[in-house]
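# Breakdown of the fold
Residue-level listing of the chains:
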Amino acid sequence: MKVATAAYNLDWLDSWAQYEDKLDRWVSDAAGQGADLLVFPEYGAMELSTLDGAEVAGDLERSIHAVSDRMEEVQNLHQRLAQEYKAYILGASAPVVDGLERPVNRAAFYAPDGKQDHQDKQIMTRFERESWDIAPGGPLKLFDTALGKIGVLICYDSEFPLLGRALSEADLILVPSCTEALSGYWRVRIGAMSRALENQCVTVMSSLVGVNEWSEAVDMNTGTGGIFGPPDKGFPVTGVLAEGTLNQPGWTYAEVDMSAIAGVRSDGHVLNRTHWDEQSPRVDSVTISAL
């Protein structure tokens, strides 16, 4: 299969039609290159807050509700694009209220047959907890698709190995991200590459990029797209199947051989996924008296 992962820049939007045109252009470009799976980044939906003006877009709480209120339209648009271009699409995540006490960070997953589901972020960053008050969402899910089994770890979630292990049956783990600094990008990238190593699978990282002075939430973004596997049989020795140019908007593509995933899991040089359970607790507390 061919995977496309986005380094996605936000725009100031003057109309809903402008957003429709933008998404159609992005999806058609990737589909035109033969992509079967498209991955957009974390909080890429925040540009929708600009449709309600600068005062709303620049206010943390008001921007949440402005974006959440448009998610039904967003879902209809993505559903149409997935069907029209016959591709699976992980849409850009958004703060979604959905009758809950506080919004969750939710990424919707669309199939070419019109079906859709979603994945909520599990563990919040300090900004999400302390400034934005975004809440943890529902459980991790494993999407069984015609392409294979697919899981999603949204940004910070990719930095926690037990969340990755919960998706050990996934052939691909998608990692939509939004990171302000280069250090943040590398934390998520290292997490994504580590999950590929541990689970002997492919991880697909997408990034928000660019400067948006109109927003307090997504004002500065650093990153690029990347597709990673275990550095083992059937994969590059670096584990990097493809990576984009830092902070340059656009798609990054890679061909993913599903038989290579099955092969490395059954007969790799190492068998990290199989040997996971050998990590039984083995630390003893030892007191050494001072001489």
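This text gives an overview of the structure that appears in the document. This is a predicted model, so every value here is computed, not measured. (Residues numbered from 1 in each chain as written. Predicted model: local features only at pLDDT ≥ 70, side-chain atom pairs only at ≥ 80, totals over all residues. Heavy atoms only, no water.)

Estimates place the volume of the largest pocket at around 450 Å³. Lining the largest pocket we find 23 residues, and of these Thr125, Phe127, Cys178, Thr179 and Glu180 sit closest to its centre. Counting only elements with at least two residues in the lining of the largest pocket, the list comes to helix 5 (126-132), helix 7 (182-199) and strand 11 (220-221). Classifying every residue of the lining of the largest pocket gives 11 nonpolar, 4 polar and 8 charged. (1 Å grid on protein atoms, 1.4 Å probe; cavity = no way out; pocket = protein on both sides within 12 Å on 5 of 7 lines; lining within 4 Å. Points joined across faces, edges and corners; volume = space filled by probe spheres on them. Helix = DSSP H or I, 4+ residues; strand = E, 2+ residues; numbered from the N terminus. Nonpolar A, V, L, I, M, F, W, Y, C, P; charged D, E, K, R; others polar.)

Now for the packing of aromatic side chains. Ring pairs (aromatic) are described by centroid distance and by the angle formed between their planes. Enumeration according to the criterion identifies 13 aromatic pairs in this entry. Consider the rings of Tyr156 and Phe160, whose centres lie 4.9 Å apart with planes at 85 degrees: the pair is edge-to-face. Of the residues examined, Tyr156 reaches a relative accessible area of 25% and is grouped as partly exposed. Ring pairs connect the aromatic residues Tyr8, Trp26, Phe40 and Trp251, which therefore count as one cluster. Note that Lys2 overlies the ring of Tyr253, its terminal NZ or CZ placed 5.2 Å from the centroid. (Phe/Tyr/Trp six-rings, centres within 6.5 Å; stacked < 30°, edge-to-face > 60°. Buried < 20%, exposed > 50% of the residue type's maximum accessible area, 1.4 Å probe, protein only. Lys NZ or Arg CZ within 6 Å of the ring centre and 35° of its normal.)

Once that is clear, we can look at the packing of helix 1 (residues 16-32) against helix 4 (residues 71-85). Where helix 1 contacts helix 4, the two axes come as close as 11 Å, and the packing angle between them is 30 degrees. Comparing the axis directions of helix 1 and helix 4 gives the class roughly parallel. By crossing handedness, the relation of helix 1 to helix 4 is classed as right-handed. In this structure, helix 1 contributes Trp16, Tyr19, Glu20, Leu23, Asp24, Val27, Ser28 and Ala31 to the contact, and helix 4 contributes Glu73, Val74, Leu77, His78, Arg80, Leu81, Glu84 and Tyr85. In terms of residue class, the contact of helix 1 with helix 4 is made up of 9 nonpolar, 2 polar and 5 charged. (Axes fitted to C-alpha atoms, helices over the stretch in contact; angles between N-to-C directions. Parallel < 35°, antiparallel > 145°, perpendicular 65-115°, else oblique. Left-handed = near helix turned anticlockwise from the far one by under 90°. Contact = heavy atoms within 4.5 Å.)

This brings us to helix 8 (residues 258-267). Residues of helix 8 that are buried include every one of Ala260, Ile261, Val264 and Arg265, and no others. For helix 8, the angular spread of buried residues about the axis comes to 130 degrees, placing them on one side. Contacts made by the buried residues of helix 8 are with helix 7 and strand 10 (202-211). (Arc of directions from axis to C-beta.)

With that out of the way, let us pick up the pattern of salt bridges. One pass over the full model with this rule turns up 20 salt bridges. Lys121 serves as the salt-bridge partner of Glu128, at 2.8 Å between the closest nitrogen and oxygen. Across the pair, exposure class does not vary: Glu128 and Lys121 are buried alike. By sharing partners, the salt bridges in this structure join Asp11, Lys22 and Glu47 into a single network. (Salt bridge = Lys/Arg side-chain N within 4 Å of Asp/Glu carboxyl O.)

The values are spatial; any link to function lies outside them.
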